[in-house]
Amino acid sequence: MTASATSSSRPRVLIIGCGFGGLEAARALRHAAVDVTVVEKTNHHLFQPLLYQVATAGLAAPSIAAPARLLFRGQPNVTTLLGEVTAIDAAVRTVRLADGHVLPYDHLIVAAGATHSYFGNDAWAADAPGLKTLADAFEIRRRVLLAFELAELESDPVRRRALLTFVVIGGGPTGVEMAGTLAEIARHTLAGEFRRIVPAEAEVLLLEGGPRVLQAMPEKLSQRAREQLEHLGVKVHVDAMVTRIDGEGLEIKGPDGTARRIASKCIVWAAGVAASPLGRLLAAATGAECDRAGRVKVEPDLSLPGHPEISVVGDLAAAMSHVPGQPPRPVPGVSPGAKQMGRAAAAAILARMAGRPTRPFRYRDWGNLATIGRNSAVVDLPTPFGPLRFSGYFAWLFWLFVHVYFLIGFRNRLIVLMDWASAYWTFRRHARVVSEVKAPGEN
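Quick caveat, the model's predicted, so the values are computed rather than measured.

### A few points about the overall build of the protein
- On a plain count of helices and strands, the protein comes out with 11 helices and 27 strands.
- Expressed as lengths along the three principal axes of its C-alpha atoms, the size of the protein is roughly 70 × 55 × 45 Å.
- Across the protein, contacts joining residues at least 24 apart in sequence account for 62% of those joining residues at least 6 apart.
- Working note: accessible area of the protein is about 20,800 Å², and carbon and sulfur atoms make up 55% of it.
- A gap of 5 Å separates the mean positions of the 49 positive and 40 negative side-chain charges of the protein.

### Observations concerning the sheet that holds strand β7 (residues 94-97)
- The strand order across the open sheet formed by 3 strands is β6-β7-β8, and the pairing between neighbours is antiparallel. Of all strands in the sheet, those with a lone pairing partner are β6 (85-89) and β8 (102-104), marking the two edges. Averaged over all adjacent pairs, the angle separating strand axes in this sheet is 20°, with direction ignored.

### Description of unusual backbone geometry
- With phi around 80°, Leu302 is a residue other than glycine that occupies positive phi space.
- Relative to the helices and strands, Leu302 resides in the loop between β19 (296-297) and β20 (303-304).
- Exposure remark for Leu302: the relative accessible area of 0% places this residue in the buried category.

### Some remarks on the pairing of strand β11 (residues 165-169)
- Across the 5 residues of β11, 5 count as buried, placing the element largely inside the fold.
- Residues Thr165, Val167 and Ile169 point to one face of β11 and Phe166 and Val168 to the other, with burial holding for every one of them.
- With 5 bridges connecting them, β11 and strand β12 (residues 203-207) associate as parallel partners. Note on β12: the bridge partner recorded for Val167 is Leu205.

### What to know about the sheet that holds β20
- As summarised here, the arrangement of the 6 strands in space is β5-β2-β1-β9-β21-β20, forming an open sheet in which the pairing is mixed. Of all the strands in the sheet, the pair left with one neighbour each is β5 (78-82) and β20.
- Bridge count for strand β2 (residues 35-40) against β5 is 5 bridges, and the pairing is parallel. Considered in β5, the bridge of Thr37 is made with Thr79.
- Helix α1 (residues 20-28) rests against β1 (12-16), β2 and β9 (107-110) of the sheet, and its axis sits at about 160° to β1.

### Details of the packing of aromatic side chains
- Going through the model one piece at a time under the given rule, you end up with 11 aromatic pairs.
- Each ring, one from Trp366 and one from Phe406, has its centre 5.8 Å from the other, and the planes form 25°; the classification is stacked. Of this pair, Trp366 sits in the loop between α9 (335-353) and β25 (368-373) while Phe406 sits in helix α10 (residues 393-406), and the two are 40 residues apart along the sequence.
- Site record: aromatic cluster; members linked through ring pairs are Tyr118, Phe119, Trp124 and Trp269.

### So, the nonpolar core
- Core analysis: the largest hydrophobic core is formed by 64 residues, its most contacted members being Leu50, Ile64, Phe148, Phe166 and Met178.
- Once residues lying within four places of it in the same chain are set aside, the contact partners of Phe148 are Leu164, Phe166, Ile185, Ala186, Leu190, Phe194, Ile197, Pro199 and Ala202.
- If you look at the next biggest cluster of nonpolar residues, it comprises 53 residues, including Leu29, Val34, Ile88 and Ala288.

### What to know about the side chain of Asp380
- Within the fold, Asp380 resides in strand β26 (residues 376-381).
- Given a relative accessible area of 12%, Asp380 falls into the buried group.
- Looking at Asp380, its side chain comes within polar contact range of the side chain of Arg389, at 3.0 Å.
- When neighbours within four sequence positions are excluded, Asp380 is seen to be in contact with Pro218, Leu221, Gly367, Asn368, Pro387, Leu388 and Arg389.

### Digging into α9
- In this model, α9 (19 residues) spans 28 Å end to end at C-alpha, consistent with the 27 Å of a helix rising 1.5 Å per residue.
- For α9, every residue scored as buried is listed here: Pro336, Gly337, Ala338, Lys339, Gln340, Met341, Gly342, Ala345, Ala346, Ala348, Ile349 and Ala351.
- Those residues of α9 that are buried lie in contact with β1, α1, β9, β21 (307-312), β22 (317-318) and α10.
- One or two positions beyond α9, positive phi appears at Gly355, with a value near 80°.

### Looking at the packing of α1 against α9
- Their axes nearest at 7 Å, the elements α1 and α9 cross at an angle of 35°. The crossing of α1 and α9 is right-handed. Between α1, through Phe20, Gly21, Glu24, Ala25 and Ala28, and α9, the contact on the second element is made entirely by Ser335, Ala338, Lys339, Gly342, Arg343 and Ala346.
- Along the lines of polarity and charge, the residues of the contact of α1 with α9 split into 5 nonpolar, 3 polar and 3 charged.

### Observations regarding the environment of Gly210
- Turning to its location among the elements, Gly210 is positioned in the loop between β12 and α7 (219-232).
- Through-space distance from the C-alpha of Gly210 to that of Gly130 is 19 Å; in sequence the pair is 80 residues apart.
- Excluding residues that lie within four positions of it along the chain, Gly210 makes contacts with Gln215, Val238 and Asp239.

Definitions and limits used
Residues numbered from 1 in each chain as written. Predicted model: local features only at pLDDT ≥ 70, side-chain atom pairs only at ≥ 80, totals over all residues. Heavy atoms only, no water. Helix = DSSP H or I, 4+ residues; strand = E, 2+ residues; numbered from the N terminus. Contact = heavy atoms within 4.5 Å. Areas by Shrake-Rupley, 256 points an atom, 1.4 Å probe, with all protein chains shown as cover. Lys, Arg positive; Asp, Glu negative; His and termini not counted. Charge placed at Lys NZ, Arg CZ, Asp CG, Glu CD. Pairing = 2+ DSSP bridges. Axes fitted to C-alpha atoms, helices over the stretch in contact; angles between N-to-C directions. Buried < 20%, exposed > 50% of the residue type's maximum accessible area, 1.4 Å probe, protein only. Phe/Tyr/Trp six-rings, centres within 6.5 Å; stacked < 30°, edge-to-face > 60°. Core = buried A, V, L, I, M, F, W, Y, C linked by side-chain atoms within 4.5 Å. Polar contact = N/O pair within 3.5 Å; in protein donor to acceptor, adjacent residues only side chain to side chain. Expected span 1.5 Å × (residues − 1). Left-handed = near helix turned anticlockwise from the far one by under 90°. Nonpolar A, V, L, I, M, F, W, Y, C, P; charged D, E, K, R; others polar.

Pasting the structure below:
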C-alpha cells in the first residue's frame, strides 16, 4: 500500500523522527521548493532535557511536549505522518511503515534518536525503567509516588525500608538530576503529608560505574556536583558496577571486588544509551557501518557512503566535527549537536539541488549544564577567553533560563516559569497524579 502522493513534481524530502534533529531539519527547509514529510512514532516533539521533571512530578507533560502538527501548522510544505518505519529500500528510495504504507523519497534524513542500553542485560528493563519518552516518565513517576504510598501501608520494617530506598543507576546529567530531585521530594515536597512514615528518612542512592559523576565535565565541577548531591542527602557511590537487578533490588560490585545487595522497590536506569534499532536496519540497507553503540558512521557532510541522498543526524549518527586546522572530533550526543546536524543536513540537500558542493559538518560547542537541585547546578561554557566554569545558585539560575529559552512555544515557557516559581517558593509539585495504582514493578 502506497501513501497518497501529491501531484507536485518538487523534490521529496522524507524525515524520520521529530526530535531535535528532525525538527530543525524540517524548519530549515521552510522556504525551500521541496515537499517535506515528517514521520514520527508519537504525535509530539519532546523536550527531553526536562523529561526528568515530568518523571518527578515537577511539570505536566504538555509543558515539555508539543503536537508535531501544531509545530508545522504554519509550514505548508510539511506533511506530518504518525507511523513507525520498519524497512528502508535504498535502491528504489522508499520507506515502509509498520502499517504497510510505502513512502517514496528523493532525499532522506534519518533522525530516529536513541534508546536505553542495558549492556546486554535487557531483562533488567522491567525492574529498572529508563527515561527517554513520556511513557517512561509516567511509569517512573508512578513507581516513585506509589513507593511512598505503599510504605505508609507497610508494617514490616524491612519491606518498608526497601520501598523507601530509591536507586538511580548512572552518574550522567540525567542520573544526577533524577537523584537530586528525588532527594528534594523526600525531604521537602512530602513533608507533613504522611502519618506513619517520615518521607525525609527515605534513602536516595546514585550509582556510577566510573570514578566520578558527570565525567564529561572537568574534574573540579564533577567534584562540586557530588558535594551538592551529598548536601541534598544523596548517597553517591562511584566505581560501583551493577551485576544484577530483579524485582526485590539489585547487586553491585565495588572497586575492591566485593559484592553488595541493595533492597529497593524503585530503581531508575540512567546508565546507558544506544542508537535506535533503525540505525542497524539502515546500515543493512545501504552497506554503511555502525559503531558499537549502533550509531551509523557518516561522511563529513553527514551523508552515507555511496548514498549522498541519505543523511543521518542526532544520536543516531556517529558524526565528527571538522574544524579547519584541527583533527576531526566526535560530536557529543546532546541536543545542540542534534539541532546543528539537522540544519546542516537540510543545507546539504539545498546545496545538492543547486549543484553546489556540500560542506563538512562543524559542531559549535555550547557547553555543558547540569542541575543538582534547588539552587544547585554546574555550568561549563566555552568562551573566546577560555572556559567559564561555575556552580551553585547562579549556575542554577543560568540553567533555568537556558532551558526555558529553548522550550518550544511561548505558552510552554510561561507555564514552566510559573510552575517552577511556585515550586521554588512552596516546595510543592502539583503533577503528583497516577492513573494506575499498582505496586512498583507490577505489570
